[in-house]
Structures are given as C-alpha cells and as structure tokens.
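Here is what each chain is made of, one letter per residue.
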Amino acid sequence: MTATDPALTALANGWAALYVLYGRIDAQIERALQAGHDLSVREYSLLDVLARQHDGEGGHLQMKQVADAVVLSQSATTRLVTRLEDRGLLSRYLCPTDRRGIYTDVSDAGLKLLEQARPTNDAALREALDEAAKNPALAPLVEAVEAVNPAGGASAAPPGRR
C-alpha cells in the first residue's frame, strides 16, 4: 500500500468524519452541561462512571481505573478528581487492604448533580446526533452510533456519550 492508495484514503476520510462527529457531539454536550450545571463533559463522565459503581458493594474505583474509564492520563485524571473533590462531588481515600492504592468515590452531592445533569446530557446528545444526521457524510456514523445500543438496552457507550 502507498500513501495514495484508495483504501488508505478511504480510511483517512472515514476517520476524519468520525472525528468531526465526535467533536460536534462533545462541543454540544459541553455547552449544555456548562450552561446548565457548571460541569464539563469530562466531569460529567467521571461522575457517571463512579455512580455506576454504586450497584454493588463498595462503589469506588482506583485512580488508574478512573483514568482508563474517562480516557485521560494519570496526571489529568488527578487534576480532574481534585477539582471535583474541591467542589464536594467526590472523595478519595486509601484502600483499606493496600495503603498504596487510592480509591475515588462519588458523594451524595455528586450523585444529585449527576441526576440533575443527565437529562441535559441526553438532550444535547440527541440534538447533536439529529443535526449530524442531516449531513450525508456523517449520517452513516450517526446510524452506527444509534445501532450500538438500541432503545431499552443496557448502556455500553462511554459515559457522557450515551
């Protein structure tokens, strides 16, 4: 394959379209969450990830798991967690069995804010997808996103992007 190979060009075009769709969705949700709840997409995503841990015993994640879940570096995750901790939306504590491990847990205030912000996130996502579907280059990607999790199914999408 060469750099001008049609297959590579098609892949690059597909990636560019996917990147445009992601950027539009991210920007739409960011504006809505900031305006309505003083939350960024990353902050919302982190609260959502942690809230999902409350289904069973524990309800916490180690910092590395948090970084993986919100797709950030360890240092960016630490800054994000610190911002939310300073706002009283989550807490950190040492693992009781391994003092080297640090857990992160969403607070009651964080759960309440997440509950208030979820409809805003979902409406902004729907609006961004509906707008993108009008673009012939993005419409197939919107269909693919919608096909990943048919209505009523359990969410498999990253938080903030449901």
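Quick caveat: nothing in here was measured; it's all calculated off a predicted structure.

Cut-off values and rules
Residues numbered from 1 in each chain as written. Predicted model: local features only at pLDDT ≥ 70, side-chain atom pairs only at ≥ 80, totals over all residues. Heavy atoms only, no water. Axes fitted to C-alpha atoms, helices over the stretch in contact; angles between N-to-C directions. Helix = DSSP H or I, 4+ residues; strand = E, 2+ residues; numbered from the N terminus. Parallel < 35°, antiparallel > 145°, perpendicular 65-115°, else oblique. Left-handed = near helix turned anticlockwise from the far one by under 90°. Contact = heavy atoms within 4.5 Å. Nonpolar A, V, L, I, M, F, W, Y, C, P; charged D, E, K, R; others polar. Pairing = 2+ DSSP bridges. Phe/Tyr/Trp six-rings, centres within 6.5 Å; stacked < 30°, edge-to-face > 60°. Buried < 20%, exposed > 50% of the residue type's maximum accessible area, 1.4 Å probe, protein only. Expected span 1.5 Å × (residues − 1). Arc of directions from axis to C-beta. pLDDT = per-residue confidence, 0-100.

1. A word on the packing of helix 1 (residues 6-37) against helix 6 (residues 139-148)
Contact geometry of helix 1 with helix 6 gives a least axis separation of 10 Å together with a crossing angle of 65°. Taken together, helix 1 and helix 6 sit at an angle that is classed as roughly perpendicular. For the pair helix 1 and helix 6, the crossing hand works out as right-handed. Of helix 6, the residues touching helix 1 (which contributes Ala17, Leu18 and Leu21) are Leu141, Val142 and Val145. The residue makeup of the contact of helix 1 with helix 6, split by class, is six nonpolar, no polar and no charged.

2. Description of the sheet that holds strand 3 (residues 102-106)
Hydrogen bonds between backbone groups are what pair the strands of a sheet, and the pairing can be parallel or antiparallel. Pairing is antiparallel across the open sheet formed by three strands, whose spatial order is 1-3-2. In this open sheet, the two strands that pair with only one neighbour each are strand 1 (61-62) and strand 2 (90-94). In this sheet, strand 3 lies alongside strand 1 in antiparallel orientation, the contact comprising two bridges. From the neighbouring strand, Leu61 faces strand 3, where its bridge partner is Thr104.

3. Some points on the packing of aromatic side chains
All chains considered together, the criterion is met by two aromatic pairs. With a centroid separation of 5.8 Å and an interplanar angle of 45°, the aromatic rings of Trp15 and Tyr19 are classed as tilted. Taken as a pair, Trp15 and Tyr19 lie in helix 1 at a separation of four residues, close to a single helical turn. Judged by its relative accessible area of 52%, Tyr19 falls in the exposed class. Consider the rings of Tyr93 and Tyr103, whose centres lie 5.8 Å apart with planes at 40°: the pair is tilted. Of this pair, Tyr93 sits in strand 2 while Tyr103 sits in strand 3; the two residues are ten residues apart in sequence, bridging distant segments of the chain.

4. Re helix 4 (residues 74-86)
Because each turn of an α-helix spans 3.6 residues, side chains separated by three or four positions in sequence point in the same direction. Here helix 4 contains 13 residues, and its C-alpha end-to-end distance of 18 Å stays within 8% of the 18 Å for a straight helix at 1.5 Å per residue. Residues of helix 4 that are buried: Ala76, Thr77, Leu80, Val81 and Leu84. Relative to the axis of helix 4, the buried residues are bounded by an arc of 135° and lie together on one face. Packed against the buried residues of helix 4 are helix 2 (41-51), helix 3 (63-70), strand 2 and strand 3. Looking one or two places after helix 4, you find Gly88, whose phi comes out positive at around 80°.

5. A short note on the confidence of the model for the chain
Of all residues in the chain, 86% attain a pLDDT of 70 or more, and the chain-wide mean is 85. Here strand 1 stands out as the least confident element of the chain, with mean pLDDT 78; helix 5 (residues 108-132) is the most confident, with 96. Here residues 153-162 scores under 50 on pLDDT; set against residues more than four positions off or in separate chains, the count is 25 contacts.

6. Some points on the environment of Ala27
Along the polypeptide, Ala27 turns up in helix 1. Among the residues examined, Ala27 registers a relative accessible area of 29% and is labelled partly exposed. For the pair Ala27 and Val41, spaced 14 residues apart in sequence, the C-alpha separation works out to 8.7 Å.

7. Considerations on the pairing of strand 3
The element strand 3 is largely enclosed, with a buried count of four among its five residues. In the sheet, strand 2 pairs with strand 3 via five bridges, with the strands oriented antiparallel. Bridge pairing in strand 3 places Ser91 opposite Asp105.

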